[in-house]
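# Coordinates in review
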Amino acid sequence: MSTGSETLSLWDDYSPCSTLPPELLSVIFQLAKPKKRVSHKVPFEVTVSHVSKFWRAAALSTPFLWDRIDIYSTRAKKWVDDYLERSSRRPLDIYIDIYRSDKRRSKPLDGYESLINSITLHSERIRLFSMLCYHQTTAVYWQSHFRDSRAPILQTFTVACRLKSLIVPPFATVFEGGSQQLILWNTDTPNILPPPQTLRNLTTLYLHGLNPSLAFTADDFNQIFFSLPSIVNLSFKSTAAFGFWLIDPPQTSQFTLDKLKSLRFIASGPLAIRILLAASAPQLETLWLDCSFDNFPTYFFGAPQLNVYGVPKFPKLKYLTMVMDDFMFSNEFSRIFPTVTHIHFPYPSFRDVSNTFVAYLLNPFLKKNRI
């Protein structure tokens, strides 16, 4: 009776696949590798490396198979070092989804130290970093290890978390060693950002998780905006009103975003008002307002900087989305944004169809635009 190793050896000797050059087999592996990994399934690269000795040798000598690292729990520390070694010097894409694990752990920070240390040692190879967790403290803990790191090829950095911490960590910078190729930063911990000089090539910025306890001031925002000469897409999400920002709103634009084309606000009307009044964005095409509109009549519609010498503040604005269930302020928006050609109401109320129809007929803004 042959042993398992003998059978495997015979399979290596007589399998038609064993006659393929290793280079060709490596190309086949690259083409067959799925773009996404399913957490409860054995990864493709592990599967092919256990078929035979010949396949294993070809797989282990194909760094492309090992340059994506998916982490779902602390169990990943058993094999992360193997991926880092087998990927040779290839750029790394790191996906961390520990949401469920982080939610059910009584001490969510325990068990990750060796994982983080291994990854930070290879920070110069990280091209993409994406993290989804439950606790904000977990997100801050992971990022704190990147403070002095250098990430010269990092392009995309995303951190999303659900449960915000009651104790707000202080402002901190990460990748102080530099990340000159960074083009997208998406974070739920807006008090942790790269140094200003690292943001100069950034084209997309999502600052989510903003709240007054972070002690953001207008000067803090100005400093960020002055560091974004290349920004194209900008999104803000706030969990509080930022009402104190409405005291003495700026009378003139305080900063210019020459390349900005899309701007989105979620939840905070006062924050939207402050930034819309302070920013000059001559190329802005899309504005998304998913916020409270209570303060707009008092602080926004009559602001002098919305129309200077007969020129609207955003002269190329075409697409306007307003998340409201009626057309209450549509006349005012028609006046201050006369260049809009498409308007979007995601959740219109049709409880009284006749009044909605009359509002449409009487409103020049709604009449001249596509809804």
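Just so we're clear, the structure is a prediction, and the values are computed from it rather than from any experiment. (Residues numbered from 1 in each chain as written. Predicted model: local features only at pLDDT ≥ 70, side-chain atom pairs only at ≥ 80, totals over all residues. Heavy atoms only, no water.)

## Overview of the overall build of the protein chain
A count of helical and extended segments in the protein chain gives 14 helices and 17 strands. Scored against the burial criterion, the 371 residues of the protein chain give a buried share of 46%. Across the protein chain, the fraction of contacts at a sequence separation of at least 24, relative to all contacts at a separation of at least 6, is 71%. Counting every atom, the protein chain has about 18800 Å² of accessible surface; 57% of that belongs to carbon and sulfur. (Helix = DSSP H or I, 4+ residues; strand = E, 2+ residues; numbered from the N terminus. Buried < 20%, exposed > 50% of the residue type's maximum accessible area, 1.4 Å probe, protein only. Contact = heavy atoms within 4.5 Å. Areas by Shrake-Rupley, 256 points an atom, 1.4 Å probe, with all protein chains shown as cover.)

## As for a positive patch on the surface
A surface patch of positive charge is lined by Arg 75, Lys 77, Lys 78, Arg 100 and Arg 104. Mapped onto the elements, Arg 75 comes out in the loop between β1 (68-71) and α5 (80-86). Judged by its relative accessible area of 58%, Arg 75 falls in the exposed class. (Patch = residues over 30% accessible without salt bridge, like charges linked within 9 Å, V, L, I, M, F, W, Y side chains within 5 Å. Salt bridge = Lys/Arg side-chain N within 4 Å of Asp/Glu carboxyl O. Lys, Arg positive; Asp, Glu negative; His and termini not counted. Charge placed at Lys NZ, Arg CZ, Asp CG, Glu CD.)

## Thoughts on the packing of aromatic side chains
With the rule as written, the count across this model stands at 26 aromatic pairs. Between Phe 293 and Phe 329, the aromatic rings sit 6.4 Å apart at their centres with planes inclined by 35 degrees, giving tilted as the arrangement. On the criterion of sequence distance, the pair formed by Phe 293 in the loop between β13 (286-291) and α11 (296-299) and Phe 329 in the loop between β16 (319-322) and α12 (330-336) is long-range, its members being 36 residues apart. You'll find Phe 293 and Phe 329 in the same group, each marked buried. Centroid distance Phe 296 to Phe 301: 6.0 Å. Interplanar angle 50 degrees. Geometry classified as tilted. Taken individually, Phe 296 and Phe 301 each receive the classification buried, so the pair is uniform in this respect. Of the aromatic side chains, those joined through ring pairs into one cluster are Phe 293, Phe 296, Phe 300, Phe 301, Phe 314, Phe 329, Phe 333 and Phe 337. When the ring centre of Phe 64 is taken as origin, the NZ or CZ atom of Lys 33, which lies over that ring, is 5.7 Å away. (Phe/Tyr/Trp six-rings, centres within 6.5 Å; stacked < 30°, edge-to-face > 60°. Lys NZ or Arg CZ within 6 Å of the ring centre and 35° of its normal.)

## Comments concerning the nonpolar core
One finds Phe 129, Trp 142, Phe 236, Leu 289, Phe 300, Phe 333 and Phe 337 to be the most contacted residues of the largest nonpolar core, which totals 93 residues. Discounting residues that sit within four places of it in the chain, Leu 289 has contacts with Phe 265, Leu 276, Phe 296, Leu 320, Thr 321, Met 322, Val 323 and Phe 333. (Core = buried A, V, L, I, M, F, W, Y, C linked by side-chain atoms within 4.5 Å.)

## Concerning the layout of surface pockets
Size it by volume and the largest pocket reaches roughly 510 Å³. Ranked by the residues each element gives to the lining of the largest pocket, the list is headed by helix α6 (residues 99-104), at 4 residues. Space inside the second largest pocket adds up to approximately 270 Å³. Around the second largest pocket, the lining comprises 14 residues; the ones closest to its centre are Phe 171, Leu 193, Pro 194, Gln 223 and Ile 224. (1 Å grid on protein atoms, 1.4 Å probe; cavity = no way out; pocket = protein on both sides within 12 Å on 5 of 7 lines; lining within 4 Å. Points joined across faces, edges and corners; volume = space filled by probe spheres on them.)

## What to know about the pairing of β16
Note that β13 and β16 share 4 bridges and pair parallel. By the bridge assignment, Leu 287 is partnered in β16 with Leu 320. As defined by bridge partners, β16 adjoins strand β17 (residues 342-344) across 3 bridges and the pair is classed as parallel. If you follow Tyr 319 over to β17, its bridge partner there is His 342. (Pairing = 2+ DSSP bridges.)

## Considering helix α7 (residues 113-120)
Three or more residues of α7 are buried, namely Leu 115, Ile 116, Ser 118, Ile 119 and Thr 120. Check the buried side of α7 and you find it contacts β1, α5, β2 (92-97), β3 (126-135) and α8 (136-144).

## Observations regarding the side chain of Ser 26
Tracing the backbone shows Ser 26 in helix α2 (residues 22-32). Look at Ser 26 and you get buried, because its relative accessible area is 10%. Leaving out residues up to four positions away in the same chain, Ser 26 has contacts with Ala 58 and Thr 62.

## Re the confidence of the model for the protein chain
Detail in the predicted coordinates should be disregarded across regions flagged by low pLDDT. In this model, the protein chain carries a mean pLDDT of 85, and residues with pLDDT of at least 70 account for 85%. Within the protein chain, no element has a lower average pLDDT than helix α1 (residues 4-14), which sits at 48, and none a higher one than strand β6 (residues 184-187), at 98. Counting contacts from residues 1-11, a segment whose pLDDT is below 50, to residues more than four positions away or on other chains yields 9 contacts. (pLDDT = per-residue confidence, 0-100.)

## Description of the environment of Lys 107
With respect to the helices and strands, the residue Lys 107 is situated in the loop between α6 and α7. For Lys 107 and Thr 138, which are 31 residues apart along the polypeptide, the C-alpha to C-alpha distance reads 9.9 Å.

## Some words on the pairing of β6
On a regular strand, one side chain projects to one face of the sheet and the next to the other, so that they alternate. Of the strand pairs in this sheet, strand β4 (residues 156-163) and β6 are connected by 4 bridges, and their pairing is parallel. Considered in β6, the bridge of Thr 158 is made with Asn 186. In the sheet, β6 pairs with strand β8 (residues 204-210) via 4 bridges, with the strands oriented parallel. Its bridge partner lying in β8, Leu 184 is registered against Thr 204.

## Focus: the packing of α2 against helix α4 (residues 53-60)
Axis separation between α2 and α4 bottoms out at 9 Å; the angle between their running directions is 70 degrees. Relative to α4, α2 is oriented roughly perpendicular. Between α2 and α4, the residues in contact are Pro 22, Leu 25, Ser 26 and Phe 29 and Phe 54, Trp 55, Ala 58 and Ala 59, respectively. When the residues that make up the contact of α2 with α4 are grouped by side-chain class, the tally is 7 nonpolar, 1 polar and no charged. (Axes fitted to C-alpha atoms, helices over the stretch in contact; angles between N-to-C directions. Parallel < 35°, antiparallel > 145°, perpendicular 65-115°, else oblique. Nonpolar A, V, L, I, M, F, W, Y, C, P; charged D, E, K, R; others polar.)

## With respect to the side chain of Ser 230
Structurally, the position occupied by Ser 230 is in the loop between α9 (218-225) and β9 (233-238). With a relative accessible area of 16%, Ser 230 lands in the buried category. Beyond its immediate sequence surroundings of up to four residues, Ser 230 is in contact with Arg 200, Asn 201, Leu 202, Thr 203 and Lys 259.

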